[in-house]
Amino acid sequence: MPDPFAALDDLVSGAVEAAFGTEIIIKPRLPGSQYVAPAPDPARPDRQVRAVFSSGPAIDTIGGQGMAGASGGTTKIGGQTLVLWLSPGVVRSIPYALRKGDGVAFVDDPVLTYEIVVPRPTNTGDLELIITRE
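Here goes a summary of the coordinates provided. (Residues numbered from 1 in each chain as written. Predicted model: local features only at pLDDT ≥ 70, side-chain atom pairs only at ≥ 80, totals over all residues. Heavy atoms only, no water.)

A tally of helices and strands in the chain yields 2 helices and 8 strands. Listed N to C, the secondary structure of the chain is α-β-β-β-β-β-α-β-β-β in terms of helices and strands. With 134 residues in all, the chain has 28% of them scored as buried. Sequence-distant contacts in the chain: of pairs separated by 6 or more residues, those separated by 24 or more amount to 56%. (Helix = DSSP H or I, 4+ residues; strand = E, 2+ residues; numbered from the N terminus. Buried < 20%, exposed > 50% of the residue type's maximum accessible area, 1.4 Å probe, protein only. Contact = heavy atoms within 4.5 Å.)

Attention now moves to the environment of Asp9. As for its position among the elements, Asp9 is in helix H1 (residues 4-20). Overall, Asp9 belongs to the partly exposed group, its relative accessible area being 30%. A C-alpha to C-alpha distance of 8.9 Å links Asp9 and Thr124, two positions 115 residues apart in sequence. Residue contacts for Asp9: discarding those within four places in its chain leaves Pro88 and Thr124.

It is worth spelling out the packing of aromatic side chains at this point. Each aromatic ring pair is summarised here by two numbers: the centre-to-centre distance and the angle between the ring planes. One pass over the full model with this rule turns up 2 aromatic pairs. Between Phe53 and Phe106, the aromatic rings sit 5.3 Å apart at their centres with planes inclined by 90°, giving edge-to-face as the arrangement. Of the two residues, Phe53 is situated in strand E4 (residues 47-62) and Phe106 in strand E6 (residues 103-106); the sequence distance between them amounts to 53 residues. Classification of Phe106 by relative accessible area gives buried; the value is 13%. On the numbers, 5.6 Å between centres and 85° between planes, the contact of Phe106 with Tyr114 is edge-to-face. We note that Phe106, like Tyr114, is buried. Taken together, the aromatic side chains of Phe53, Phe106 and Tyr114 make up a single cluster linked through ring pairs. (Phe/Tyr/Trp six-rings, centres within 6.5 Å; stacked < 30°, edge-to-face > 60°.)

As a further point, take the side chain of Asp126. Topologically, Asp126 is positioned in the loop between strand E7 (109-121) and strand E8 (127-133). Buried Asp126, no salt bridge; nearest opposite-charge side chain is Arg92, N-O distance 9.5 Å. Among the polar contacts made by the side chain of Asp126, one reaches the side chain of Thr124 at a distance of 2.8 Å. Dropping the residues within four chain positions of it, Asp126 is found in contact with Trp85, Leu86, Ser87, Pro88, Val91 and Pro121. (Lys, Arg positive; Asp, Glu negative; His and termini not counted. Salt bridge = Lys/Arg side-chain N within 4 Å of Asp/Glu carboxyl O. Polar contact = N/O pair within 3.5 Å; in protein donor to acceptor, adjacent residues only side chain to side chain.)

Across 4 bridges, E6 lies against E7 in antiparallel orientation. Bridge pairing links Val104 to Tyr114 in E7. The hairpin turn running from E6 into E7, its antiparallel successor, is 2 residues long. Across 7 bridges, the pairing between E7 and E8 is antiparallel. (Pairing = 2+ DSSP bridges.)

A few words on the pattern of salt bridges. Scanning the model with the defined rule gives 8 salt bridges in all. Two residues, Arg29 and Glu134, come together in a salt bridge whose shortest N-O distance is 2.7 Å. Taken together, the residues Arg29 in strand E2 (residues 29-30) and Glu134 in the segment after E8 connect sequence positions 105 residues apart. For Glu134, a relative accessible area of 47% corresponds to the partly exposed category. Beyond isolated ion pairs, a larger network of salt bridges with shared partners links Asp41, Arg44, Arg99 and Asp102.

Shape is all these values report; function is a separate question.
Listed below in structure tokens is the structure:
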């Protein structure tokens, strides 16, 4: 018997993608190094999929040793978190795993490229990609 929750999740995910999604191009890469730029991965071809992009504020704390006479408390750095959400159906359609270091470009603006910093799968089959601008 098919899982009714999976069918409902596919229905809701499709509605979210239709309302808020954008087309992206996943650009798999072979890892680079300090002296070598990442190269396209011929075993994992580029793939165009639909994803939901979101960004929001991020605050991080700097740890470390304080100096005498310095003000008390912690130092915080403000930033921005960039996230792409891929629905379970989209994740199933990609025949390979996405990895840290893979590239991403938006179809509407392919000149700006991003790098996957953290691919974060969930227990429901979808995938969050934390990205950073290159």
